[in-house]
Amino acid sequence: MREIKKYLYVINYPTFEEELCMMEMRVLFGREPEDKVLISGRKFDPSNSVFIKKRLDVIYEKDSLEEILTDLEADRIRLDDFKAEYLRLQKGNVSYEERLRSIKEIGLRIIGESSMTHPKTILGITKYNGKWLLGINVNNDFGWKLHENKPCSYSNSLSVRTARAVVNIASIGKLETKVIDPCCGVGTTIVEGLSMGYNISGCEINTKIAEDANENLKYYNLETKVVNKDMHEIEEYYDASIIDIPYGLFSHTTEKVQQDIINTARRISKKMIMVSFEDLDELILGAGFKIVDRCTVTKGKFKRYILICE
Ligand SMILES: C[S@@+](CC[C@H](N)C(=O)[O-])C[C@H]1O[C@@H](n2cnc3c(N)ncnc32)[C@H](O)[C@@H]1O
């Protein structure tokens, strides 16, 4: 098989998460998708983002389908249990007949048996911005949906979707980034981070909640990386911290408590991803952080602010 030329990502999001999706894409790929498509030289596992539906590893790019078919015929590719699929993109104006013809003609040029039900390789063909693209299709496996029913969960826990995005943003999609969630509650971000292979750990002041967090981690066969202690005692330094800050809505948190937490985040991390229900800009700036990006996620009557602070 020829070399991969680039990656085409198919993106989708509910309207209320559009800003969060865009922030994740800016951080991971340095730009936002257009018409729910993003092309990049960066290889990223689609299952690690709740917003990436699939990735097409583009191998052939031509002005016409016929040119792709000619190349494919010349390459004499042998694949067992393959399937060819047309990727329908928002702006694609390819007729149903043409889409059907494309997958049939590709199938005819592959040497080997096809499998519609259990394919080992999915070939993806599509037309985007006037070019025909053919490559290997990698789908999001949606395995993270299993984390939606944790043994221990609280009403103020982050959603799996938000937690996953926040961890990607904190680590910039790099597994080696050293991340801490020092007020991690039942460990929502830790479950997501560790299951994606990130270098993340947690800290929680409340003994029962810390135990619950580790029970959640055990349940998913993940390392129990939540320690029961006050974040103000942390001495290690991290590339990034995730602060889902305690708020007055659910607890008796004062502004002083919040300022102390942000000050400690400044002391222990190079960068902070702040998740809050209220505008905390003054406290963040007061701790010596610069706010470099921001978005909101609004669901029902709740509006969450997500800020990247350096
Ligand atoms: C908003 S909740 C975090 C929820 C979490 N993101 C989740 O999904 O479960 C804030 C947590 O911070 C913890 N906390 C408050 N002060 C702390 C401190 N000084 N050190 C460590 N944890 C603290 C609280 O016990 C609470 O569980």
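For the structure itself, look to the data block above.
Every value quoted in this text rests on a predicted model; they were computed, and no experiment measured them.

In the region of the ligand, 19 residues are neighbours, and L158, T188, E204, M231 and D244 sit closest. The separation between an oxygen atom of the ligand and a polar main-chain atom of V186 is 3.0 Å. The separation between a nitrogen atom of the ligand and a polar side-chain atom of D244 is 2.7 Å. Counted by class, the shell around the ligand contains 11 nonpolar, four polar and four charged residues.

Turning our eyes to something else, we now look at the sheet that holds strand β13 (residues 302-309). Across the sheet, seven strands lie side by side as β9-β8-β7-β10-β11-β13-β12; this open sheet has mixed pairing. With partners counted over all chains shown, the strands left at the sheet margins are β9 (226-228) and β12 (291-299), one partner each. The mean inter-strand angle of the sheet, taken between neighbouring strand axes irrespective of direction, is 20°. Relative to β9, strand β8 (residues 199-204) is paired through three bridges, and the arrangement is parallel. The partner of C203 across the bridge, within β9, is V227. Together, β7 (178-181), β8, β9 and β10 (238-244) form the strand contacts of helix α5 (residues 188-195), whose direction differs from that of β8 by roughly 165°.

On to the sheet that holds strand β5 (residues 121-128). Taken in spatial order, the six strands of this open sheet run β2-β1-β3-β6-β5-β4, and their pairing is mixed. The open sheet has two edge strands with one neighbour each: β2 (37-40) and β4 (82-86). Mean inter-strand twist for the sheet, computed between neighbouring axes without regard to direction, equals 30°. Summarising the sheet, β5 and strand β6 (residues 131-139) pair through six bridges and their orientation is antiparallel. Following the sheet pairing, L123 is matched in β6 by I136.

Before going further, it helps to examine helix α2 (residues 65-75). All buried positions along α2 are accounted for by L65, I68, L69, D71 and L72. In an axial view of α2, the angular spread of the buried residues amounts to 165°, which keeps them on one side of the axis. Among the exposed residues of α2, those oriented more than 90 degrees off its buried face are T70 and A74. Here the buried face of α2 lies against β3 (52-62), α3 (96-108), β5 and β6.

Close contact between helix α4 (residues 160-171) and α5 brings their axes to 9 Å; oriented N to C, the two are set at 60°. Taken together, the axis directions place α4 and α5 in an arrangement best described as oblique. The two elements α4 and α5 meet at a crossing, and its hand is right-handed. When α4 is examined against α5, the residues V160, A163, R164 and V167 are found in contact with a partner set consisting of T188, T189, E192, G193 and S195. Classifying every residue of the contact of α4 with α5 by side-chain character gives three nonpolar, four polar and two charged.

This next bit is on the pattern of salt bridges. Within the structure shown, the criterion is met by 21 salt bridges. With a closest N to O distance of 3.0 Å, R109 and E73 form a salt bridge. One end of the pair, R109, is in the loop between α3 and β5; the other, E73, is in helix α2, and 36 residues separate them in sequence. By relative accessible area, which is 48% here, E73 ends up partly exposed. A salt bridge links R101 to E98; its shortest N-O distance comes to 3.3 Å. Linking R101 with E98, this pair stays in helix α3, spanning three residues, or about one helical turn.

Now for the environment of T15. Assignment of secondary structure puts T15 in the loop between β1 (6-11) and α1 (18-29). Since its relative accessible area comes to 69%, T15 is described here as exposed. Linking T15 and Y86, residues 71 residues apart in sequence, is a C-alpha distance of 26 Å.

Bridge count for strand β11 (residues 269-276) against β13 is five bridges, and the pairing is antiparallel. Bridging from a neighbouring strand, M274 pairs with L307 of β13. Pairing between β12 and β13: eight bridges, direction antiparallel. In the strand pairing of β13, D293 is matched with I308. As consecutive antiparallel partners, β12 and β13 are separated by two residues, and within that stretch G300 has a phi angle of approximately 60°, a positive value.

One pass over the structure, following the stated rule, counts seven aromatic pairs. Ring centres of Y86 and W132 lie 6.4 Å apart, and the angle between their planes is 75°; this geometry places the pair in the edge-to-face category. Placement of the pair is Y86 in strand β4 and W132 in strand β6, with a sequence separation of 46 residues. Exposure class is identical for Y86 and W132. Each is buried. Members of the aromatic cluster, each reached through a chain of ring pairs, are Y9, F29 and F44. A cation sits over an aromatic face here: K36 above Y13, 4.7 Å from the ring centre. It is K178 that lies over the ring of Y238; its NZ or CZ is 4.8 Å from the centre.

Thresholds applied
Residues numbered from 1 in each chain as written. Predicted model: local features only at pLDDT ≥ 70, side-chain atom pairs only at ≥ 80, totals over all residues. Heavy atoms only, no water. Near = heavy atom within 4 Å. Polar contact = N/O pair within 3.5 Å; in protein donor to acceptor, adjacent residues only side chain to side chain. Nonpolar A, V, L, I, M, F, W, Y, C, P; charged D, E, K, R; others polar. Pairing = 2+ DSSP bridges. Helix = DSSP H or I, 4+ residues; strand = E, 2+ residues; numbered from the N terminus. Axes fitted to C-alpha atoms, helices over the stretch in contact; angles between N-to-C directions. Contact = heavy atoms within 4.5 Å. Buried < 20%, exposed > 50% of the residue type's maximum accessible area, 1.4 Å probe, protein only. Arc of directions from axis to C-beta. Parallel < 35°, antiparallel > 145°, perpendicular 65-115°, else oblique. Left-handed = near helix turned anticlockwise from the far one by under 90°. Salt bridge = Lys/Arg side-chain N within 4 Å of Asp/Glu carboxyl O. Phe/Tyr/Trp six-rings, centres within 6.5 Å; stacked < 30°, edge-to-face > 60°. Lys NZ or Arg CZ within 6 Å of the ring centre and 35° of its normal.

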